[in-house]
Amino acid sequence: MKPPPESAAPERTAMRTSRHQRISHRYMRDRWKDFLAQDTRGMLMIEGVAVDRIIEKYGTPLYVMVESEIRRRARRFKKVFGQGINLQYAVKCNSNLEILRLMREEGFDLDCSSVGELILGLLADFKPRQLTFTNLYKTEQDLHFAAKIGVQSITADSIEDIEQIARTAKKLKKHIDTVIRVNPMLQIGHYSTRNNKYGIPIGYIDRAVELARRSPFVDFQGFHFMGGYVHNPRVFKAAARVFVKLIKRYQDEGIRIKTLSLGGGFPAAIGDDEAFPIEAMRDFPRYFDRLLRRHNVQPFRLIFEPGKSIVLNAGIGLMKVISKKRLGLNKRMVIADGSTYNFVPDAIIQDGVQYDILPASQMNSRRIHTVTIAGNTCDAWDLITKGIEMPKLRAGDLLAVMDVGAYAQVMASNFNTIKRASVVMIYPDGSTKPIRRRDRYSDMFAPELDVLKLAGPNELERYNNIYRVNIDKIWRGNQKKNGKSGNGFSVSAKGSNGSGKEGQNDVAGSMMSSVKETERANALS
Ligand SMILES: Cc1ncc(COP(=O)(O)O)c(C=O)c1O
C-alpha cells in the first residue's frame, strides 16, 4: 500500500516570528528545554513560534507534536541499544500516521495491537515483515489478515490464544510465526508482575510451548515479556536473566529460539514524576551478551518495544480559558475548552496523575493562587488538574498541558458528542503541518445514521423531516460572497482538508453532505 501522493499531503506553514527568551525556572522543566521558550510578551513559544500564532491558525483545543523531540528520543534509544537490538515502536501509544512515518525514518519496526494498527503500519509504508502483532486475543479474521499479509510474528497471550492460532492456521493452511508471551512472575522490590494480566504464567510455559510445537501450522519463534511500567533498569536485567535461562533449557532440548522481546514500559515523566533516562540502560547490551556467553546460549534476535518514552514529552495540549469561578474563600476554579474525556483522558484513567499546566499567555506572571482546572464537558469528574498554582487567569488566556504525546490522543473520546482536537506537527524551523483534523459531526454520527439507513430506505428521510429542520441551512446561514455566513460565523474554505482553523460550522456541512449521500444511496438502493 502506497502513502498518498506528495501533493495530497498538507503543506508545512512557516510560522516563526519574534525573538525568544528563556522561560523562568519556576515554570520550566529540563525535559522541555530543547523546544520551549517564551517571547517578550510572556507568550509561550514552541520551536520559536508563539502559541497565540499557532492557535490563531488552528484553533483550540489543539495538540502540538514536536518533531525534533520525537526524533531526538528515538535516536537516544538507537544509540543506547546499538545495531544489535531491534527496536519496535508501540503503535498503541500514539498511532498518528505521520508519527509512524517518522518512526520508520528513524529505523524502527512497529509493534501493533490490532488489525487496525497493522493497517496503519502498511499505510505508513512499513513492510509486513516489519510488523509484529501482540495483543490478548485475535479473531479468526484478525489472524487471517495478519497471516495473509505476512507479519513478522504474532504473539500469543494465553493457552486459548495459542489454540485459536493453531486452529486458524490449520484452516488457512498457512504457517504462522508465533511468539509466546510469558509472565515471569517477577518480584523486585516494589515491582511485581504477579498480578499482571499479560502473558502465560511461567509455570505453564512448558505446556504452552508443547502445544505450539505440536500444532502443524504454528511455527514457534520465541518469547515475549511485557511487564507493565518499569521504574528501574534492574527490572530489565532481572527479566533478561529469567528468559535467558528459559531459552537455554529449550535450546538444550533442541528447540530453536529465534526471538525474544523484552517489551516496552520504559517510564516517561508527567508532572513531578521522575523517569529514569534511557541512558541508564547503556550497559544493557553488554550485560545481555555476557549473559548469553555465561549460559552458553545460541544468539537470537532481541527486541525492545518502547512507546510512551518516545512521544509522551513531545506532545503539548493547548487550551483556552473559558471562565473562572470563585467557590468560597480560597477555592478557585478555572474552566478550559479542553477536557479530560476529549483531550487528556489520563487525568481520569490514571489515579493521581497531575499534569503540568503552564499559563501559556502569562509566562511572565507569578503564580499567586491555587486553582483547579476543569474541563468543559458536562461531567463533575472532568477535572484536568486539581490544586495547581497559577497566575490570575482570565477568559481567553491560553493554557498548555504538557506531556500529552502518548495515550492522550488515542484514548480521547467524543463524550458529550464533542469533537476531538486536531493535531499539528511543529518542526525545528518553526513551520507547522496539520497531521490530524478535528473530528467532524459526520464522523461521529455515521455509525448511527448507517443503522437508520439499514433500517429502511425511507427511514432517514422521515427522521430528518420530523422537525422539518434543515440543519445545514441553519448552521451555515445564507452564505455571502465574502465568506461570512448569514449567522456571522466565518466559514472556512479549507475546513475539510484539515489545513485551516476548523470551527464548528465548516464541518456541519460535511455532516449534511454525508446525510445527503446516505439519502442518495437510499434512493438508488
Ligand atoms: C506489547 C506491548 N509492547 C509495548 C508497549 C509499550 O509500552 P510503553 O508505551 O509503556 O513503552 C505496550 C504497552 O502496553 C505493550 O502492551
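These figures come from a predicted structure and were not determined experimentally.

A.B. asks: Explain the overall build of the chain residue by residue, including any values.
C.D. replies: A tally of helices and strands in the chain yields 15 helices and 24 strands. Within the chain, residue pairs in contact and separated by at least 24 positions form 67% of the contacts whose partners lie at least 6 positions apart.

A.B. asks: So what's going on with the sheet that holds strand 2 (residues 36-39)? Which residues, and what values?
C.D. replies: Strands belonging to one sheet form pairs held by backbone hydrogen bonds; the direction of such a pair is parallel or antiparallel. Reading across the sheet, the four strands line up as 1-2-3-4 and stay open at both edges, with antiparallel pairing between neighbours. Across the chains shown, the open sheet's two edge strands, defined by having one partner strand only, are strand 1 (20-21) and strand 4 (49-50). Summarising the sheet, strand 3 (residues 44-46) and strand 4 pair through two bridges and their orientation is antiparallel. What sits directly across from M45, in strand 4, is A50.

A.B. asks: Kindly report on the site of the ligand, identifying the contributing residues and their values.
C.D. replies: Lining the immediate environment of the ligand, one finds 15 residues, of which A90, G264, E305, G307 and K308 sit closest. Each residue belonging to the shell around the ligand can be placed in one class, and the counts come to five nonpolar, six polar and four charged.

A.B. asks: An account of the packing of helix 5 (residues 140-149) against helix 6 (residues 159-172) is needed here, citing residue identities and associated values.
C.D. replies: Contact pair helix 5 / helix 6: the axes reach a minimum separation of 10 Å and the direction vectors enclose 60°. Between helix 5 and helix 6, the crossing angle belongs to the class labelled oblique. When the axes of helix 5 and helix 6 are compared, the crossing they make is right-handed. Residue-level inspection shows E140, L143, H144 and A147 of helix 5 in contact with helix 6, the latter providing I165, T168, A169 and L172. Of the residues belonging to the contact of helix 5 with helix 6, the class tally is five nonpolar, two polar and one charged.

A.B. asks: Residue-level account of the nonpolar core, with values.
C.D. replies: V51, V64, L318, L399 and A400 are the most contacted members of the largest nonpolar core, which totals 128 residues. Ranked by the residues each element gives to this core, the list is headed by helix 8 (residues 233-252), at six residues. Counting contributing residues, this core receives three or more from each of domain 1 (6-64 + 312-436) and domain 2 (127-306). Among residues more than four places away in sequence, those in contact with A400 are L44, V51, I316, G317, L318, I357, L358 and A360.

A.B. asks: Help me get a handle on the pairing of strand 18 (residues 332-336), residues and values and all.
C.D. replies: Note that strand 17 (residues 315-326) and strand 18 share five bridges and pair antiparallel. Of the residues in strand 18, the one forming a bridge with K324 is V334. Note that strand 18 and strand 20 (residues 369-374) share three bridges and pair parallel. The residue bridging V334 from the neighbouring strand is I373, located in strand 20.

A.B. asks: Explain helix 12 (residues 441-455) to me, and be specific about the residues and the numbers.
C.D. replies: For helix 12, built from 15 residues, the straight-helix expectation of 21 Å at 1.5 Å per residue is met to within 8% by its first-to-last C-alpha distance of 21 Å. The sharpest bend along helix 12 reaches about 45° and sits at P447.

A.B. asks: So what's going on with the environment of T417? Which residues, and what values?
C.D. replies: With respect to the secondary-structure elements, T417 resides in the loop between strand 22 (398-402) and strand 23 (422-426). Considered as a pair, T417 and M444 are 27 residues apart in the sequence and their alpha carbons are 7.4 Å apart.

A.B. asks: Talk me through unusual backbone geometry; I want residue IDs and the actual numbers.
C.D. replies: Following T60, the chain continues to P61 via a peptide bond in cis, the omega torsion being -10°. Considering the arrangement of structural elements, one finds P61 in the loop between helix 1 (51-58) and strand 5 (62-66). Of note, M185 is a non-glycine position whose phi angle comes to about 50°, a positive value. Secondary-structure assignment places M185 in the loop between strand 10 (176-183) and strand 11 (187-188). Residue classification places M185 among the partly exposed residues on the basis of 15 C-beta atoms within 10 Å.

A.B. asks: Got a sec to walk through the pairing of strand 5? Specific residues and values, please.
C.D. replies: In summary, the side chains of a regular strand alternate between the two faces of the sheet. Counted residue by residue, strand 5 has five buried out of five residues, so it is predominantly covered. The alternating pattern of strand 5 places L62, V64 and V66 and Y63 and M65 on opposite faces, both of which are buried. Note: strand 5 against strand 17, four bridges, orientation antiparallel. The residue bridging L62 from the neighbouring strand is L318, located in strand 17.

A.B. asks: Provide a residue-level description of the environment of T139, including the pertinent values.
C.D. replies: Its place among the elements puts T139 in the loop between strand 8 (131-134) and helix 5. On the basis of neighbour count, T139 is assigned to the exposed category, with 11 C-beta atoms found within 10 Å. When the C-alpha atoms of T139 and Q164 are compared, they prove to be 8.0 Å apart, with 25 residues separating the residues in sequence.

Quick notes on the rules
- Residues numbered from 1 in each chain as written.
- Predicted model: local features only at pLDDT ≥ 70, side-chain atom pairs only at ≥ 80, totals over all residues.
- Helix = DSSP H or I, 4+ residues; strand = E, 2+ residues; numbered from the N terminus.
- Contact = placed C-beta atoms within 7 Å.
- Pairing = 2+ DSSP bridges.
- Near = placed C-beta within 6 Å.
- Nonpolar A, V, L, I, M, F, W, Y, C, P; charged D, E, K, R; others polar.
- Axes fitted to C-alpha atoms, helices over the stretch in contact; angles between N-to-C directions.
- Parallel < 35°, antiparallel > 145°, perpendicular 65-115°, else oblique.
- Left-handed = near helix turned anticlockwise from the far one by under 90°.
- Core = buried A, V, L, I, M, F, W, Y, C linked by C-beta atoms within 7 Å.
- Buried ≥ 20, exposed ≤ 12 C-beta atoms within 10 Å, placed from the backbone.
- Domains from an automatic or database assignment.
- Expected span 1.5 Å × (residues − 1).
- Bend = angle between axes of the 7 residues up to and from the residue.

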